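# Commentary on secondary and tertiary structure
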Amino acid sequence: MNTYYLARHGQTIWNTLGQTQGHGNSPLTELGIQQAKDLAEALKKYPIDIIYCSDLGRAVETAQIIGDILNLEIHPTASLREMGFGIWEGMQLSEIEKKYPETFNLWRNEPEKVHIEGGETLQMIKERQDKLIEDLNKKYQNKHILLVSHSVTVRVMLLSFLDSHVRNIYRIKQDNTALNIVEYRNYGPVIMKMNDTRHLKKDKTNGVNKSMSALE
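Residues numbered from 1 in each chain as written. Predicted model: local features only at pLDDT ≥ 70, side-chain atom pairs only at ≥ 80, totals over all residues. Heavy atoms only, no water.

Bringing the pattern of salt bridges into the picture now. The full count for this structure, using the stated rule, is 13 salt bridges. Taking the shortest distance from any N to any O, the salt bridge between Asp-55 and Arg-81 comes out at 2.7 Å. Pair noted here: Asp-55 is in the loop between strand S2 (50–54) and helix H3 (57–70) and Arg-81 is in the loop between strand S3 (74–77) and helix H4 (93–99), with a separation of 26 residues, a long-range link. Taking relative accessible area as the criterion, Arg-81 reaches 26% and is therefore assigned partly exposed. (Salt bridge = Lys/Arg side-chain N within 4 Å of Asp/Glu carboxyl O. Helix = DSSP H or I, 4+ residues; strand = E, 2+ residues; numbered from the N terminus. Buried < 20%, exposed > 50% of the residue type's maximum accessible area, 1.4 Å probe, protein only.)

This is how it looks when you write it as structure tokens:
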């Protein structure tokens, strides 16, 4: 059975500005590049066979840094994209709350019911992640697979592994380049590690864990 290593991309410029990214993109900051390098060093102790990543720039950049250090090719896929936030993308939290108070309130309290104009729903994210894992489990056997993705996407995947509803999205935290490990066994997936950032060399006072998505 396969083992999955899930990781969020490194810190981006938009992360530091509190702007919503979704399918939009922002390059990694200097700290984000270092976070990716730190994660790669931590992953050396695991027998990673394959790297898949979101095809969005920040995830590709993170995965490529890791791939170069581990000497592995990366495989970008739209299946690992962040949730599309439609008309909210590029906006800061305060701006979203002011312009779309009802939808924002729903996102905060009943996120499973939200469908932002031009965006996706949490259920849509769950369906594409479930399909990806199903396909990977059919394609590979006993492989160690790194998936570099995004905050909402990784959290939805973890909820799915736990057989928990997407409404619980806020009960899981994902820092930049946090590591999660999931082992598939004959009775199903088992989460071995979640939101582990011990590999990051800079401490919290230097901003390692202060770059959450605007919509977390």
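Once that is clear, we can look at the packing of aromatic side chains. On inspection of all chains with the given rule, the structure shows seven aromatic pairs. Residues Tyr-5 and Tyr-46 carry aromatic rings whose centres are separated by 5.2 Å and whose planes lie at 55 degrees to one another, so their mutual orientation is tilted. Here Tyr-46 lies in the loop between helix H2 (30–43) and S2 and Tyr-5 lies in strand S1 (residues 3–8), a separation of 41 residues in the sequence. Taken together, the ring pairs in this structure connect Tyr-4, Phe-161 and Tyr-184 into an aromatic cluster. (Phe/Tyr/Trp six-rings, centres within 6.5 Å; stacked < 30°, edge-to-face > 60°.)

Turning to the pairing of strand S5 (residues 179–185), a few remarks are in order. A large share of S5 lies buried, amounting to five of its seven residues. For S1 and S5, the ladder comprises five bridges, and the chain directions are antiparallel. Counted as the bridge partner of Leu-6 is Asn-180 from S5. Between S5 and the antiparallel strand that follows it, strand S6 (residues 188–196), lie two residues. (Pairing = 2+ DSSP bridges.)

Quick look at unusual backbone geometry now. Of note, the phi angle at Asp-163 is positive, near 55 degrees, even though the residue is not glycine. One non-glycine residue, Asn-195, lies in positive phi territory at about 50 degrees. On the secondary structure map, Asn-195 appears in strand S6. Owing to a relative accessible area of 18%, Asn-195 belongs among the buried residues under this scheme.

Here the focus is H3. Given 3.6 residues per helical turn, the α-helix brings residues three or four places apart onto the same face. For H3, spanning 14 residues, the distance from its first C-alpha to its last is 20 Å, which sits close to the expected 20 Å at 1.5 Å a residue. Within H3, the full set of buried residues consists of Arg-58, Ala-59, Thr-62, Ala-63, Ile-65, Ile-66, Gly-67 and Leu-70. The positive-phi residue at the C-terminal boundary of H3 is Asn-71, with phi of around 60 degrees. (Expected span 1.5 Å × (residues − 1).)

Chain-level statistics for the protein chain give a pLDDT mean of 94 and a share of 93% at 70 or above. For the stretch residues 204–211, pLDDT sits under 50, and the model shows 17 contacts to residues farther than four places along the chain or on other chains. (pLDDT = per-residue confidence, 0-100. Contact = heavy atoms within 4.5 Å.)

Where a protein is soluble and globular, its nonpolar side chains tend to be buried together. One finds Tyr-4, Leu-6, Tyr-52, Leu-122, Leu-147 and Phe-161 to be the most contacted residues of the largest nonpolar core, which totals 34 residues. Counting residues per element, the ones that place at least two in this core are S1, S2, helix H5 (101–109), helix H6 (122–139), strand S4 (144–149), helix H7 (151–161) and S5. The dominant element in this core, judged by the number of residues it contributes, is H7, at seven residues. For Tyr-4, the contacting residues outside a window of four places in its chain are Ile-133, Leu-136, Asn-137, Ile-145, Leu-147, Asn-180, Ile-181, Val-182 and Tyr-184. Formed by 18 residues, the second largest nonpolar core is a distinct cluster that contains Ala-7, Leu-43, Leu-146 and Val-148. (Core = buried A, V, L, I, M, F, W, Y, C linked by side-chain atoms within 4.5 Å.)

For the rest of this paragraph, the subject is the side chain of Gln-129. For Gln-129, the position within the fold is in helix H6. A polar contact of 2.6 Å, which involves the side chain of Gln-129, links it to the backbone oxygen of Ser-79. In contact with Gln-129, not counting residues within four places along its chain, are Ser-79, Leu-80, Thr-153 and Met-157. (Polar contact = N/O pair within 3.5 Å; in protein donor to acceptor, adjacent residues only side chain to side chain.)

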